[in-house]
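Structural overview
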Amino acid sequence: MAEVNVVDYQRKSALHYACACEIETQKRGNDIIRLLITHGAKLNLISSEFRRPLDCFIYRMIKDIRELEILHDEVPSHQHLKIDLSSFNHLVRCGCVLAPIEDIVTTYFHDEYRMEMVPDFPDEISSLLFLIKNGLLTAATFLIQCGWEIEIEEWIDSFDISKLNVSTVQLKYGRCNRINMEKSKADFWNFLETFRKSTRSLSMLCINCIRKQMSLSSGGSEIETKIEALQVPEKIKSFINLTEFMQDEEIIMLEETASCRAPPRNRLGFGVMSSIMDSNTYDYSASTYQYSDDDLSFEDMIDQQLNLM
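Let me begin by describing the structure that accompanies this report.

Cut-off values and rules
- Residues numbered from 1 in each chain as written.
- Predicted model: local features only at pLDDT ≥ 70, side-chain atom pairs only at ≥ 80, totals over all residues.
- Heavy atoms only, no water.
- Buried < 20%, exposed > 50% of the residue type's maximum accessible area, 1.4 Å probe, protein only.
- Helix = DSSP H or I, 4+ residues; strand = E, 2+ residues; numbered from the N terminus.
- Pairing = 2+ DSSP bridges.
- Core = buried A, V, L, I, M, F, W, Y, C linked by side-chain atoms within 4.5 Å.
- Expected span 1.5 Å × (residues − 1).
- Arc of directions from axis to C-beta.
- Salt bridge = Lys/Arg side-chain N within 4 Å of Asp/Glu carboxyl O.
- Polar contact = N/O pair within 3.5 Å; in protein donor to acceptor, adjacent residues only side chain to side chain.
- Contact = heavy atoms within 4.5 Å.
- Axes fitted to C-alpha atoms, helices over the stretch in contact; angles between N-to-C directions.
- Parallel < 35°, antiparallel > 145°, perpendicular 65-115°, else oblique.
- Nonpolar A, V, L, I, M, F, W, Y, C, P; charged D, E, K, R; others polar.
- Phe/Tyr/Trp six-rings, centres within 6.5 Å; stacked < 30°, edge-to-face > 60°.

Let us now look at the pairing of strand β4 (residues 249-253). Burial along β4 is one-sided: the residues E250 and I252 are buried and none of E249, I251 and M253 is. Across five bridges, strand β1 (residues 80-84) lies against β4 in antiparallel orientation. Bridge pairing links I83 to E250 in β4.

Pasting the structure below:
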């Protein structure tokens with residue numbers, strides 16, 4: 001049987017790679033992560049790039065936003081993006097350390113993500129701050145409620161969320177405006193400030209202590225099955241397992257704008273491009289898109305022929 005916690009020259013395990021790599025389908029990626037965890041993958045190994053698997057997953061989750069398809073369901077009524085948080089929840093529930101890695105030095109890993117995601121990416125960054133700077137406030141709230149150690153986050157006192165610009169999101173077909181982000185930022189910051197000033201409840205302190213002790217005794221492997229084996233009422237198990245804080249998805253609400261729509265498609269389902277899509281911005285320029293008869297639907301082609309008769 002293969003050793004699931006073998007690391008390479010960068011001290012990365014299979015779980016690091018499963019969390020960081022782009023896998024052909026999201027479901028398959030989630031299945032691989034769960035399979036590794038089930039077979040004893042350690043959740044908190046730190047790579048030579050100063051990253052745990054949870055950090056790798058959060059960075060990939062943010063990077064993958066531009067590949068999401070715009071949805072327009074009846075609820076919510078606006079067009080939106082839907083980010084699946086199931087693997088994110090699973091990693092947290094299974095016992096990931098909820099704290100930044102301290103004393104991080106600048107590495108190529110930092111430079112890679114600084115270049116592709118957030119400009120002015122700090123040398124010492126936490127996954128919590130990374131979520132906030134990318135406007136994923138539902139996921140950030142979840143981490144805090146689950147016990148993220150915000151007391152050791154040095155950036156909080158000097159951070160001004162009013163200056164954070166998360167009003168747009170870059171997608172494959174253009175940059176889209178997000179809805180109600182100023183209110184969302186204000187609500188999140190009020191929650192964070194209230195949380196910091198309030199005294200932690202005895203029950204939450206107990207839960208965090210129990211989870212830390214279970215993680216220690218498991219040697220860094222998952223603790224979810226161990227929680228299920230506890231001889232306590234189901235409600236207490238659910239509380240220890242952080243179930244009440246879970247959010248299945250993060251919804252990004254978007255304005256109805258033409259720039260967010262995919263280019264027209266021909267009968268085979270493909271648009272006709274006169275130049276290669278910009279690989280850096282994933283943006284279609286209106287000046288480079290050329291229309292042809294192939295872009296017409298079958299009904300439009302019939303109408304066109306009838307008009308010529």
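In this section: the environment of A20. Relative to the elements of secondary structure, A20 occurs in helix α1 (residues 14-20). Sequence-wise, A20 and M61 are 41 residues apart; in three dimensions their C-alpha atoms are separated by 8.6 Å.

What follows is about the nonpolar core. Counting residues in hydrophobic clusters, the biggest one holds 66 residues, and the most contacted among them are F88, L91, L131, I132 and F188. The greatest single-element share of this core, amounting to seven residues, is contributed by helix α3 (residues 53-63).

The subject of this paragraph is helix α2 (residues 26-38). One turn of an α-helix holds 3.6 residues; hence residues three or four places apart share an orientation. Relative to the 18 Å expected for 13 residues at 1.5 Å per residue, α2 spans 18 Å between its end C-alpha atoms, a close match to the ideal helical length. Taken as a whole, α2 has its buried residues at G29, N30, I33, L36 and I37. Relative to the axis of α2, the buried residues are bounded by an arc of 130° and lie together on one face. In α2, the exposed positions angled more than 90 degrees off the buried face are occupied by K27, L35 and T38. Just beyond α2, the residue with positive phi is G40, at close to 95°.

In the structure shown here, the tally under the stated rule is 11 salt bridges. The salt bridge partner of R60 is D64, with a shortest N-O separation of 3.5 Å. When the shortest N-O distance is used, the salt bridge between E149 and K212 registers 3.5 Å. Of the two residues, E149 sits in the loop between α7 (137-145) and β2 (168-171) while K212 sits in helix α9 (residues 202-217), which places them 63 residues apart along the sequence. Ionic contacts of the salt-bridge type, sharing partners, join the residues D157, E193 and R196 into one network.

What follows covers the pairing of β2. Working note: regular strand, side chains alternate between the two faces of the sheet. Taken together, the four bridges between β2 and strand β3 (residues 174-177) define a ladder with antiparallel strand orientation. If you follow T168 over to β3, its bridge partner there is N177. Taken together, β2 and the strand that follows it, β3, pair antiparallel across an intervening segment of two residues.

Attention shifts here to the side chain of S126. Assignment of secondary structure puts S126 in the loop between α5 (108-116) and α6 (127-133). A distance of 3.1 Å separates a polar side-chain atom of S126 from the backbone nitrogen of L129. A distance of 2.8 Å separates polar atoms of two side chains, one belonging to S126 and the other to E153. Excluding residues within four positions of it along the chain, S126 makes contact with P100, W148, E153 and W155.

This next bit is on the packing of α7 against helix α8 (residues 181-197). Contact geometry of α7 with α8 gives a least axis separation of 11 Å together with a crossing angle of 5°. By the angle between their axes, α7 is roughly parallel relative to α8. Taken together, the residues of α8 that come into contact with α7 (itself represented by L137, A140, T141, I144 and Q145) are M181, S184, K185, F188, F191, L192 and F195. Residue composition of the contact of α7 with α8, grouped by class: eight nonpolar, three polar and one charged.

The final tally for this structure, using the stated rule, is seven aromatic pairs. Arranged with centres 5.5 Å apart and planes meeting at 65°, the rings of F88 and F142 form a pair that is edge-to-face. Taken together, the residues F88 in helix α4 (residues 86-93) and F142 in helix α7 connect sequence positions 54 residues apart. For F88, a relative accessible area of 0% corresponds to the buried category. On the basis of relative accessible area, F142 is assigned to the buried category, the value being 2%. Each ring, one from F188 and one from F191, has its centre 6.3 Å from the other, and the planes form 45°; the classification is tilted. Of this pair, F188 and F191 both sit in helix α8, separated by three residues, roughly a single helical turn. For F188, a relative accessible area of 3% corresponds to the buried category. Overall, the relative accessible area of 24% leaves F191 in the partly exposed class.

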